[in-house]
Amino acid sequence: MPLVRHVLHVTVTAGLLAALSVPASAEGRGDGREGGRGIERETLPAGDGWAAADGGTTGGAAADDAHVLTVHDRAGLVRALDGGSDAPKIIRVVGTIDANTDDRGRRLDCDDYAADGYDLRKYLAAYDPRAWGGAKPSGPQEEARRASARRQAERVELFVGSNTTLVGIGSGAVLKGASLKVENADNVIIRNLEFRDAYDCFPVWQPNTGGLGDWKSAYDNLWLRGATHVWIDHITASDAGRPDAAEPTYFGRNYLRHDGLLDITNGSDLITVEWSRFADHDKAMLIGNSDTATGDSGKLRVTLHHNEFSSVVQRAPRVRFGQVHVYNNRYVVPQDAHDHRYFLGISTESRVRAENNAFTTPGHIEAADLVKSWNGSALHATGTLFNGFPVDLVALNNSYNSGSERDLTSDVGWAPTLHGPIDTAERADREVARGAGAGRLPAPADRTATPSTH
C-alpha cells in the first residue's frame, strides 16, 4: 500500500523500544508488535481531520508501563477499562472477546438474561396494536422486558474513559456482542479492531399513532456520546452473519436486533474516522441525535475519510447540525440488494462537505437515491463518481426531490483545512478497497509520513 495513503505519527521513545522485547502476558505489559506492528503509542498526526484540532488526539500514549495491558477475554477487558477512568492507559486486544460471557467466561444467550417471566410470545400478545392501540407498552411484560434488558446491558455495555488507546493486536482482534461507549470522555484512540454483532435480546415496541410504529434496539457497536478528540482508525463494524433482514416481522415491522454501527451524538466533537469498513447493516452511522438537540449546534465536527460502506441500507452518515467532511470514501451496494434507501442523510442544520467519493450500485439504484434530505438546507458535493461517471449530487437532489422537500444549496458556510491532499474518487475507490478495515494496517515503514505529504 502506498506510503501516501496512511499518515501516522509514531511517538515511540527509546525506553519503550527497549521494553518491546518483553513478551506480552495475559494482562500484563505488552510489546505491541504481534503481526509485525508496533502501534500502541502512535498518536493522530497533525492535520489529520477534526480530531487533530485544539491540541490533537494522543489517547493513552502517556501511559506508564503498569497501564499497558493485554487482554484476551471480557473479564480482562473490564478490568483494563477501569470503570471508564481517566488514567492514561493502553489496552491491547488479542483474539476474540465475547461480551456475552459471565465472569468465568461461560457463554450467555438471551435465555440467560430473561427476568421476571419475560416471554416474547406473551409480549407480542400483550402489545398487539390491534388490541393495545398506540400507547407505549406498560405493565408486567414491559417491566419484565426492561429488567431483562438491564441484565444484558450490564454485560455488553463497556465504557471507555479519557486518555485511552484501545488497539487490536495482529489481524484477528474482535469485540463480539459488545456495545462500546465513549461517553463524556476526551482523548481516545480506537484502532485495528473488528466489532461484531451488538445483538439486542430484548427490543422494545414503539407505537406510533400516526403510522405503523417500529421496533427499537438498544446497542450500537460503538457509540460516542459527549465524546471529544476521538481517533477511529482501521476498524470493521458489521452484524457478522446475523442481519436484521433475516429476523421475523411482528406487527408489520421488522424485528430489529441491532441499532447503529457507529453513532456520534450528544455534543460529541472533534472526531476523525478513517480507513474503516462498515458493512452488512441497516443504519450505519448517525451524527447528531435529534432535530431538537440544539446543544449539538457548533459541535459534531467530524471527518470521515477513506472508509468503505458496503451493504448498508442507510445513514452513511445521516447528519444533524454538524460540520462534517466526507472525502475519499467508497460506497458499494451489491447486485442482489433490494432494500437500499440512501447514503448521505442531510438533516437539520447539517453542513456536510462531500468530496471525491465513489459509489458503485446495481442498475435499479439511481444517482438520485444517494442523498436524502430531512429538513436539510445545504450540501457541498464535488468530485462524485457514480458507477464510473461524474455526477452532481446537489443538482440531482434538487431535480428529483419531493414537493415537501426544499432544494439544497451548495454553500455550507465553511471550508475544511485539516486534511491532506484529496485524491480523485477513482483512486480512492481502489485504495480503500485494498486498505480499509481491521487487520489491514500498513507495515510500520509505511506509517511515517506527515499529513502535508499524503
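Look above for the structure.
Attention here is on the structure that accompanies the text. Please read these numbers as outputs of a predicted model, since none were measured by experiment.

Thoughts on the overall build of the protein
The helix and strand tally for the protein stands at eight helices and 32 strands. With 454 residues in all, the protein has 57% of them scored as buried. Contacts in the protein between residues far apart in sequence, at least 24 positions, make up 76% of those at least 6 positions apart. Accessible surface, the protein as shown: approximately 17700 Å² in total, 49% of it carbon and sulfur.

Quick word on helix 8 (residues 425-435)
Three or more residues of helix 8 are buried, namely A425, A428, D429, E431, V432 and G435. One or two steps after helix 8, the chain reaches G437, where phi turns positive at roughly 110 degrees.

Details of the sheet that holds strand 14 (residues 236-238)
Backbone-to-backbone hydrogen bonds join strands into a sheet, with any given pair of strands oriented parallel or antiparallel. A sheet is described by the order of its strands in space; here ten strands give the open sequence 3-6-9-14-19-22-25-28-31-32, paired in mixed fashion. Both edges of this open sheet fall to strand 3 (96-98) and strand 32 (389-390), since each of them pairs with a single strand only. With five bridges joining them, strand 19 (residues 277-283) and strand 22 (residues 308-314) adopt parallel strand pairing. Counted as the bridge partner of H281 is V312 from strand 22.

So, the pairing of strand 13 (residues 228-233)
Counting buried residues along strand 13, five of its six residues qualify, which places the element largely inside the surrounding structure. Pairing of strand 8 (residues 186-191) with strand 13 involves five bridges; the strand directions are parallel. Bridge pairing in strand 13 links D186 to T228. Here five bridges tie strand 13 to strand 18 (residues 269-274), and the two strands are oriented parallel to one another. By the bridge assignment for strand 18, I232 is matched with V273.

Topic: helix 7 (residues 393-400)
Among the residues of helix 7, L393, V394 and N397 are the ones counted as buried. Buried residues of helix 7, seen end-on, are gathered within an arc of 100 degrees and therefore sit on one face of the element. In this structure, helix 7 carries S399 and Y400 as exposed residues pointing more than 90 degrees from its buried face. By the N-cap criterion, in which a side-chain oxygen at the helix start approaches the backbone nitrogen of a residue two or three places on, helix 7 is capped by D392, the distance to V394 being 3.2 Å.

Quick look at the pattern of salt bridges
Across all of its chains, the model carries 27 salt bridges by this definition. The partner of E40 in a salt bridge is R92, with the nearest N and O atoms 2.6 Å apart. Here the residue E40 occupies a position in the loop between helix 1 (14-19) and strand 1 (68-71), and R92 occupies one in strand 2 (residues 89-93), the gap between them amounting to 52 residues. The pair E40 / R92 is uniform in exposure class, with both members buried. Here R191 ties to E42 by a salt bridge, and the two come within 2.8 Å at their closest N and O atoms. A residue pair is termed long-range when its members are at least 10 positions apart, and R191 in strand 8 and E42 in the loop between helix 1 and strand 1 qualify at 149 residues. Taken as a pair, R191 and E42 share a single burial class, namely buried. The network of salt bridges with common partners includes R277, E308, R330 and D429.

A closer look at the nonpolar core
For soluble globular proteins, the rule of thumb is that nonpolar side chains tend to be buried together. By size, the foremost hydrophobic cluster in this structure holds 87 residues, and its most contacted members are L175, V182, I190 and L224. Sorting elements by how many residues they give to this core places helix 6 (residues 140-156) first, with four residues. W50, A53, V412 and W414 belong to the second-largest nonpolar core, a separate cluster that totals six residues.

With respect to the side chain of S377
Residue placement: S377 occurs in the loop between strand 29 (371-373) and strand 30 (379-382). Judged by relative accessible area, which is 18%, S377 ranks as buried. Among the polar contacts listed, one links the side chain of S377 to the side chain of R351, at a separation of 3.5 Å. What S377 contacts, discounting residues up to four positions off in sequence, is R351, R406, D407, L408 and T409.

Here is what the cut-offs are and how they apply
Residues numbered from 1 in each chain as written. Predicted model: local features only at pLDDT ≥ 70, side-chain atom pairs only at ≥ 80, totals over all residues. Heavy atoms only, no water. Helix = DSSP H or I, 4+ residues; strand = E, 2+ residues; numbered from the N terminus. Buried < 20%, exposed > 50% of the residue type's maximum accessible area, 1.4 Å probe, protein only. Contact = heavy atoms within 4.5 Å. Areas by Shrake-Rupley, 256 points an atom, 1.4 Å probe, with all protein chains shown as cover. Pairing = 2+ DSSP bridges. Arc of directions from axis to C-beta. Polar contact = N/O pair within 3.5 Å; in protein donor to acceptor, adjacent residues only side chain to side chain. Salt bridge = Lys/Arg side-chain N within 4 Å of Asp/Glu carboxyl O. Core = buried A, V, L, I, M, F, W, Y, C linked by side-chain atoms within 4.5 Å.

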